[in-house]
Amino acid sequence: MIDKSLPLVELHRHLDGSIRLETILDLADQHGIALPAKSVADLAPYIHIDDSAPGLMAFLDRFEHMTAVLVDVDACRRVAYENVEDAKSEGIDYIELRYSPWFMAESHGMDPAEVMEACADGVRAAERDTGVRANIIGILSRTYGTETCMKELDAILAHRDHIVGVDLAGDELRYPADLFKAHFKRVRDAGLQVTIHAGEADGPQSVWSAIHDLGATRIGHGFRAIEDSALVDYLAEQGIGLEICPTSNLHTSTVKDYVSHPIKPLAERGVKFCLNTDDPGISAIDIAHEYDVAAPAVGLTPEQVHQSQLDGLQMAFLGDEEKSELQLKVAQRTAL
Ligand SMILES: [Zn+2]
């Protein structure tokens, strides 16, 4: 259960994996893009996953109809704005939204730097209108290879003032973290935070590499750390938190079922984590689903869920003062 007296934060949500079905239909209609269906109900089966895809890369194929409607910067701005509106309606107080500008730009040949700017603009406008605090994490999509990722990083760093961190996502098995050392040196030199998708499709060495080669202070997923006891101890001692997305892990078939998810034993050994949705537009979930349905299903106790909500605030890429402001805001709301 979400504790309403604490700030509710979501730290791992892909902006482009969180596009409303209505918006996909509307943009397709405006721009003459062919879709396999003409209504929300008929389109849902092409976008949503309700059981599991046969692997991470098959899951990523679901993005096809979403990126197809990202026809111009206005579409990107709209999607970004609606992400924050949706966070508001889910009761989220602070959200970190992430996206790969190269991936979003690709289908319609946009300039990735302009995509970066348009999304940032949408997020900032929605922050002002909704009161939800939001920050942006730029993604390097490793599946494009090191050279393209360096160009993608240029696009991200061109808008350095709009972002708080950089992530590495995509095909973890074929593009290991150590290929991207030079990229993340630039990220750290720019004073940005580092979170890396690791220990999801690949094993514990991928998490070690994210930490030692790239300087990650948070890990996206990371649950395969359970296979290496020394790594579990290290994560707990160093306070390196895991961004856990249980339902997404089911849908990408990186865990077999909720009961098999290793987050409970990791939590029992003192590893910090928070609960997140990953790609709610594909998984057809919201943050409450992860707290109310997924968390008990993976075996977390109410105390562990409560602790994860506290840890989420601690793990957030916010300064101490901003965290205190969030706490104060929630305390004032609870007192009303
Ligand atoms: Zn992710």
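Residues numbered from 1 in each chain as written. Predicted model: local features only at pLDDT ≥ 70, side-chain atom pairs only at ≥ 80, totals over all residues.

1. As for the overall build of the protein
As a reminder of what qualifies: Only runs of H or I of at least four residues qualify as helices and only runs of E of at least two qualify as strands under DSSP, and these elements are numbered from the N terminus. The globule rule is 2.2 Å times the number of residues to the power 0.38, and the radius of gyration it is compared with is taken over C-alpha atoms. Residues with at least 20 neighbouring C-beta atoms inside 10 Å of their own are called buried, those with 12 or fewer are called exposed, and the rest are partly exposed, where every C-beta is derived from the backbone. Contact between two residues is assigned when their C-beta atoms, built from the backbone, lie within 7 Å.
In terms of regular secondary structure, the protein is built from 17 helices and 8 strands. Taken over the C-alpha trace, the protein has a radius of gyration of 19 Å; the compact-globule value for 336 residues is 20 Å, and the two agree within 12%. Buried positions account for 49% of the 336 residues belonging to the protein. For the protein, restricting intrachain contacts to residue pairs at least 6 apart in sequence, the fraction spanning at least 24 positions comes to 75%.

2. Structural notes on the packing of helix α7 (residues 112-130) against helix α8 (residues 146-157)
What counts is decided by this rule: Angles here are taken between N-to-C directions and fall from 0 to 180 degrees, while the axes themselves are lines fitted to C-alpha atoms, restricted in helices to the stretch in contact. For classification, angles of less than 35 degrees are called roughly parallel, those exceeding 145 degrees roughly antiparallel, those between 65 and 115 degrees roughly perpendicular, and all remaining angles oblique. Less than a right angle of anticlockwise turn of the near helix away from the far helix marks a crossing as left-handed, whereas a clockwise turn marks it as right-handed. Three residue categories are used. Nonpolar comprises Ala, Val, Leu, Ile, Met, Phe, Trp, Tyr, Cys and Pro, charged comprises Asp, Glu, Lys and Arg, and polar comprises the others, including Gly.
Where α7 contacts α8, the axes come no closer than 8 Å and their chain directions differ by 40°. What the angle tells us is that α7 and α8 run oblique. Remark: the crossing between α7 and α8 carries right-handed chirality. Here α7 contributes Pro112, Ala113 and Met116 to the contact with α8, which in turn contributes Glu152, Ala155 and Ile156. By residue class, the composition of the contact of α7 with α8 is 5 nonpolar, no polar and 1 charged.

3. Brief notes about the pairing of strand β7 (residues 241-244)
Note the threshold: Note on pairing: DSSP must find at least two bridges between two strands before they are called paired. Look down the strands so they point away from you; if going from the first strand over the helix to the second traces a clockwise path, that crossover is right-handed.
Both faces of β7 are covered, namely the face carrying Gly241 and Glu243 and the face carrying Leu242 and Ile244. The sheet contact formed by strand β6 (residues 218-221) and β7 spans 3 bridges and is parallel. Bridged to Gly220 within β7 is Glu243. With helix α11 (residues 229-238) bridging β6 and the parallel β7, this β-α-β connection has right-handed handedness. Alignment of β7 against strand β8 (residues 273-275), held across 3 bridges, turns out to be parallel. The residue bridging Leu242 from the neighbouring strand is Phe273, located in β8.

4. Looking at the sheet that holds β6
Note: strands within a sheet are paired through backbone hydrogen bonds, in either parallel or antiparallel orientation. Pairing within the open sheet is parallel, and its 8 strands lie in the order β1-β2-β3-β4-β5-β6-β7-β8. With one partner strand each, in any of the chains shown, β1 (9-14) and β8 form the two edges of the open sheet. Each strand axis lies, on average, 25° off the axis of its neighbour in the sheet, ignoring direction. Pairing of β1 with strand β2 (residues 94-99), which is carried by 4 bridges, proceeds in the parallel orientation.

5. Focus on the pairing of strand β3 (residues 133-141)
Burial analysis of β3 places 9 of its 9 residues in the buried class, the great majority of the element. Side chains Arg133, Asn135, Ile137, Ile139 and Ser141 project from β3 onto one buried face, and the interleaved Ala134, Ile136, Gly138 and Leu140 project onto a second face that is buried too. For β2 and β3, the ladder comprises 6 bridges, and the chain directions are parallel. Bridge pairing in β3 places Glu96 opposite Asn135. Of the pairings in the sheet, the one linking β3 to strand β4 (residues 165-169) comprises 5 bridges and is parallel in character. Bridging across to β4, Gly138 finds its partner in Val166. Between β3 and its parallel partner β4, the chain crosses via α8, and the hand of that crossover is right-handed.

6. A short note on α8
The following threshold applies: To estimate the expected span of a helix, count its residues, drop one, and scale the result by 1.5 Å. What the arc covers is the set of directions going from the helix axis to the C-beta atoms.
Spanning 12 residues, α8 covers 16 Å between terminal C-alpha atoms, matching the ideal 16 Å at 1.5 Å per step. Buried residues of α8: Cys149, Glu152, Leu153, Ala155 and Ile156, and no others. Projected down its long axis, α8 shows its buried positions confined to an angular sector of 155°, all on one face. Within α8, the exposed residues directed more than 90 degrees away from the buried face are Glu147 and Asp154. Those residues of α8 that are buried are in contact with α6 (101-106), α7, β3, β4 and α9 (181-189).

7. A word on unusual backbone geometry
The phi angle at Ser253 is positive, at roughly 60°, despite the residue not being glycine. Among the structural elements, Ser253 can be located in the loop between α12 (246-251) and α13 (263-268). Even without being a glycine, Asp278 presents a positive backbone phi close to 70°. Relative to the elements of secondary structure, Asp278 occurs in the loop between β8 and α14 (280-283).

8. Quick look at helix α10 (residues 204-212)
What α10 keeps buried is the set Ser206, Val207, Ser209, Ala210 and Ile211. Looking at the packing, one finds that the buried side of α10 touches β5 (193-198), β6 and α11.

9. Focus: the packing of helix α1 (residues 21-31) against helix α2 (residues 40-47)
Packed helices, taken two at a time, are described by the angle between their axes plus the distance between the axes. Across the interface, α1 lies against α2 with an axial gap of 10 Å and an inter-helix angle of 105°. When the axes of α1 and α2 are compared, the pair comes out roughly perpendicular. Contact with α1, carried on its side by Leu21, Glu22, Ile24 and Leu25, involves Val40, Leu43, Ala44 and Ile47 of α2 and no other residues of that element. Within the contact of α1 with α2, the residues separate by chemical class into 7 nonpolar, no polar and 1 charged.

10. Description of the environment of Ala216
The residue Ala216 is located in the loop between α10 and β6 in this model. On a C-alpha basis, the gap between Ala216 and Met150 in space is 18 Å, while along the polypeptide they are 66 residues apart.

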